[in-house]
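What follows is the residue order along each chain.
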Amino acid sequence: MEAVIIALAAIVGLVVGAGAAYFWWGNRSSGQVAQARADLERVQAEAQVRQKEIVLNANEEAHRIRTAAEEDARERRADVQRLERRVQQKEENLDRRLEQLERRERELTQRDQEFENERAKIAELIEQQRRELERVSGLTREEATNMLLQSIESEVREQANRLVRQVEAQAKEEADERARKVITTAIQRWASDQVSESSVAVVPLPSEEMKGRIIGREGRNIRALEMATGVDLIIDDTPEAVILSGFDPVRREIARNALSKLIQDGRIHPARIEEMVEKSRAEVENIIKEEGERAAFEAGVHGMTPDLVKALGRLHFRFSMGQNVLRHSIEVAHLCALMGAELGADVTVARKAGLLHDLGKGVSHEVEGPHALIGADIARRLGQPPKVVHAIAAHHFEEEPETVEAFLVQAADAISGARPGARRDTLESYVKRLEALENIANSFPGVEKSFAIQAGREVRIVVKPDDVDDLAAARVARDIVNKIEETLEYPGQIKVMVIRETRVVDYAK
């Protein structure tokens, strides 16, 4: 269509030129020249008007053709059946569309060239602005790039922290739900009596006169009793009482039993003391055997050798922060079996490992090393399976746990020992643990104050809202948890809660 317009314009130009030449040759006089010029100007004006009319008509025709083509295309898309009856028309329309596409291609090529020119201009303007920005800000391009990268890195870190927190929350929710189901099922099925016994180190006396008889002439009786039992006797101003002091709970029980028998008999001299001590030792050995057999029967563990039963029965006289170790072992055995059944583990191995996991506490004062490794060595020497030995050795991470049963012993041991009231701690260590928790929390920047509550099982930290944002609060909580795990020893788990609060106060006057 543009070619037609150009051809028409050329024809009009030729006509105007021919008319001008005609008038110039036909009128050589000045008047004729003036008339010719006037006629020429008129012809040129008419030619320009005619040219505009031709261009306008051509544009209208092009617009009409384009509109008709678009309408025809819509009709052809809407009515597929009529296409079969109008094959010839379709060919003509395709030819027309081909012509339009060629024209469209030429237009796009021209536009591409214009875009390239504009792009070059924009690039030049950007370069000018960059130079101006460098001049105004005093920063080079590399310095500005580094600042931008740092800003982007900070933003990406925040997004990553947010994503990590979401993933951690989702994983924790799923794991907590599964763990809660397993542990709740086990605890509901095994609810043992709360152990509140403690080691007895005081023997009551019927009268103050008995103290002198226990001491004997020049202290021979008390020396004989201490040598026979290996326990120190403390006779002080405490009315009608003698204190027994010794690290071995079995020896302390033998001394207590022998001294009680001597007081009841009334005959206290070195020969009688040796006799009563031997008798008490036999009784305590019998008690150890009976308690070991009873514990194995109650826990449902069978096929234990006499030496293993004896080593287990010694835990009857052992206490850990007020919790009887033998009762604790029975409880752990039941919890391991119940949780193992829920998880599809070897219940027999889990039950036996739970019962024997603290076996080393009965001899830990005699052999150097952690009680978990000592107990594992005893179990190995007494013919226990490798899985049981490994679970005993790994229940305090002296070895890396590799079996499901080892993890079950760890979990059951923590459950039994971490229940509120299951164990007693000294006031001094309790206060030190609380102070250590608060000191760790206060050592982090942005922390305003911290409170250790619930007997040290929870720490609440209040941060400064202007220094710590929401995402930074999550990082502070995670860092405090990591530092607590690295520096402190504690039973169970400690909950860390970071509180970020903004308060706005105003007054109406």
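Refer to the structure presented above.
Procedures and definitions
Note on numbering: residues in each chain are counted from 1, in written sequence order. Where local features are concerned, this predicted model is filtered to residues with pLDDT of at least 70; where side-chain atom pairs are given and counted, the filter is 80 or more; whole-chain, interface and lining totals use all residues. Each side-chain value is derived from all of the structure's non-hydrogen atoms; neither hydrogens nor water enter the calculation. Angles shown run from 0 to 180 degrees and are taken between the N-to-C directions of axes, each axis being a line fitted to C-alpha atoms and, for helices, limited to the stretch in contact. Where helices and strands are cited, they refer to DSSP runs of H or I of at least four residues and of E of at least two residues respectively, numbered from the N terminus. Oblique is the label for every angle not falling under 35 degrees (roughly parallel), over 145 degrees (roughly antiparallel), or within 65 to 115 degrees (roughly perpendicular). Each helix crossing is assigned a hand: it is left-handed if the near helix lies turned anticlockwise from the far helix by less than a right angle, otherwise right-handed if that turn is clockwise. Note on contacts: a residue pair qualifies if any of its non-hydrogen atoms lie within 4.5 Å across the two residues. Under the scheme applied, nonpolar residues are Ala, Val, Leu, Ile, Met, Phe, Trp, Tyr, Cys and Pro; charged residues are Asp, Glu, Lys and Arg; polar residues are all the others, including Gly. Two strands are counted as paired when DSSP detects at least two bridges linking them. What qualifies as a polar contact is a pair of N or O atoms within 3.5 Å, subject to a donor-acceptor requirement within protein and to the restriction that residues adjacent in sequence count only when both atoms come from side chains. Burial classes: relative accessible area under 20% of the type maximum marks a residue as buried, over 50% as exposed, and values in between as partly exposed (1.4 Å probe, protein chains only). To form a nonpolar core, buried Ala, Val, Leu, Ile, Met, Phe, Trp, Tyr and Cys residues must be joined to one another through side-chain atoms within 4.5 Å. Exposure above 30% relative accessible area and the absence of a salt bridge qualify a residue for a patch, where like charges join within 9 Å and nonpolar side chains (Val, Leu, Ile, Met, Phe, Trp, Tyr) within 5 Å. Using a 1.4 Å probe, the Shrake-Rupley method yields the accessible areas, and only the shown protein chains count as cover for residues. Whenever a carboxyl oxygen of Asp or Glu lies within 4 Å of a side-chain nitrogen of Lys or Arg, that contact is scored as a salt bridge.

Caption draft 1: Summary view of the packing of helix 12 (residues 347-356) against helix 14 (residues 386-393). In the contact formed by helix 12 and helix 14, the axes pass within 9 Å of each other and the chain directions differ by 45°. With respect to their mutual orientation, helix 12 and helix 14 come out oblique. In this structure, helix 12 meets helix 14 at a crossing whose hand is right-handed. For the pair helix 12 and helix 14, contact is made by Val349, Lys352, Ala353 and Leu356 and by Lys387, Val388, Ala391 and Ile392, respectively. Of the residues assigned to the contact of helix 12 with helix 14, the class counts are six nonpolar, no polar and two charged.

Caption draft 2: Here's a closer look at the pairing of strand 3 (residues 241-245). Here strand 1 (residues 202-204) runs beside strand 3; their pairing, made up of three bridges, is antiparallel. Its bridge partner lying in strand 3, Pro204 is registered against Ala241. Pairing between strand 2 (residues 232-234) and strand 3: three bridges, direction antiparallel. Bridging from a neighbouring strand, Ile234 pairs with Ile243 of strand 3.

Caption draft 3: Looking closely at the side chain of Arg272. Locating Arg272 in the fold gives a position in helix 9 (residues 270-299). Polar side-chain contacts of Arg272 include one of 3.2 Å to the side chain of Glu275.

Caption draft 4: Structural context of the environment of Val409. Within the fold, Val409 resides in helix 15 (residues 404-418). By relative accessible area, Val409 is classed as buried at 0%. Remark: the alpha-carbon pair of Val409 and Ala333, spanning 76 residues in sequence, is separated by 8.1 Å. When sequence neighbours within four positions are dropped, the list of residues in contact with Val409 reads Cys336, Ala353, Gly354, His357, Ala391 and His395.

Caption draft 5: Main features of the nonpolar core. The biggest cluster of nonpolar side chains holds 42 residues, and the ones touching the most others in it are Met304, Leu312, Leu355, Leu356 and Leu359. Those residues in contact with Leu356 that sit more than four places away from it in its chain are Met304, Leu308, Leu312, Gln384 and Ile392. Counting 25 residues, the second largest nonpolar core, distinct from the first, contains Leu225, Leu244, Val250 and Ile254.

Caption draft 6: Just the sheet that holds strand 3, in detail. Strands sit in the order 1-3-2 across an open sheet of three strands; the sheet is antiparallel. In this open sheet, the two strands that pair with only one neighbour each are strand 1 and strand 2. In this sheet, neighbouring strand axes are inclined to one another by 30° on average, regardless of whether the strands run parallel or antiparallel.

Caption draft 7: Looking closely at the environment of Asp265. Locating Asp265 in the fold gives a position in helix 8 (residues 249-265). Once the C-alpha coordinates of Asp265 and Met276 are considered, the two residues, eleven residues apart in sequence, prove to be 10.0 Å apart. Residues within four places of Asp265 in sequence aside, it is in contact with Arg272 and Met276.

Caption draft 8: Region of the structure containing the sheet that holds strand 8 (residues 495-500). Strand order in this open sheet of three strands is 6-7-8, and the pairing throughout is mixed. Edge positions in the sheet fall to strand 6 (447-453) and strand 8, since each of these pairs with one other strand and no more. When strand polarity is set aside, the average angle formed by the axes of neighbouring strands in this sheet is 20°. Relative to strand 7 (residues 458-463), strand 6 runs antiparallel, the two sharing six bridges. When the sheet's bridge partners are listed, Ala452 is paired in strand 7 with Val459. Each of strand 7 and strand 8 is contacted by helix 17 (residues 470-487), which is oriented at about 155° to strand 8, the strand it contacts most.

Caption draft 9: Just a nonpolar patch on the surface, in detail. On the surface, Leu149, Ile152 and Val156 cluster together to form a nonpolar patch covering roughly 260 Å² of accessible area. Topologically, Ile152 is positioned in helix 5 (residues 141-189). Given a relative accessible area of 40%, Ile152 falls into the partly exposed group.

Caption draft 10: Expanded view of the packing of helix 9 against helix 10 (residues 306-313). Relative orientation of the contacting elements helix 9 and helix 10 amounts to 100°, with a least axis distance of 7 Å. When the interaxial angle is binned, helix 9 and helix 10 end up roughly perpendicular. Contacts from Glu285, Ile288, Lys289, Glu291, Gly292, Glu293, Ala295 and Ala296 of helix 9 reach helix 10 at Val309, Lys310, Leu312 and Gly313. Of the residues contributing to the contact of helix 9 with helix 10, the split by class is five nonpolar, two polar and five charged.

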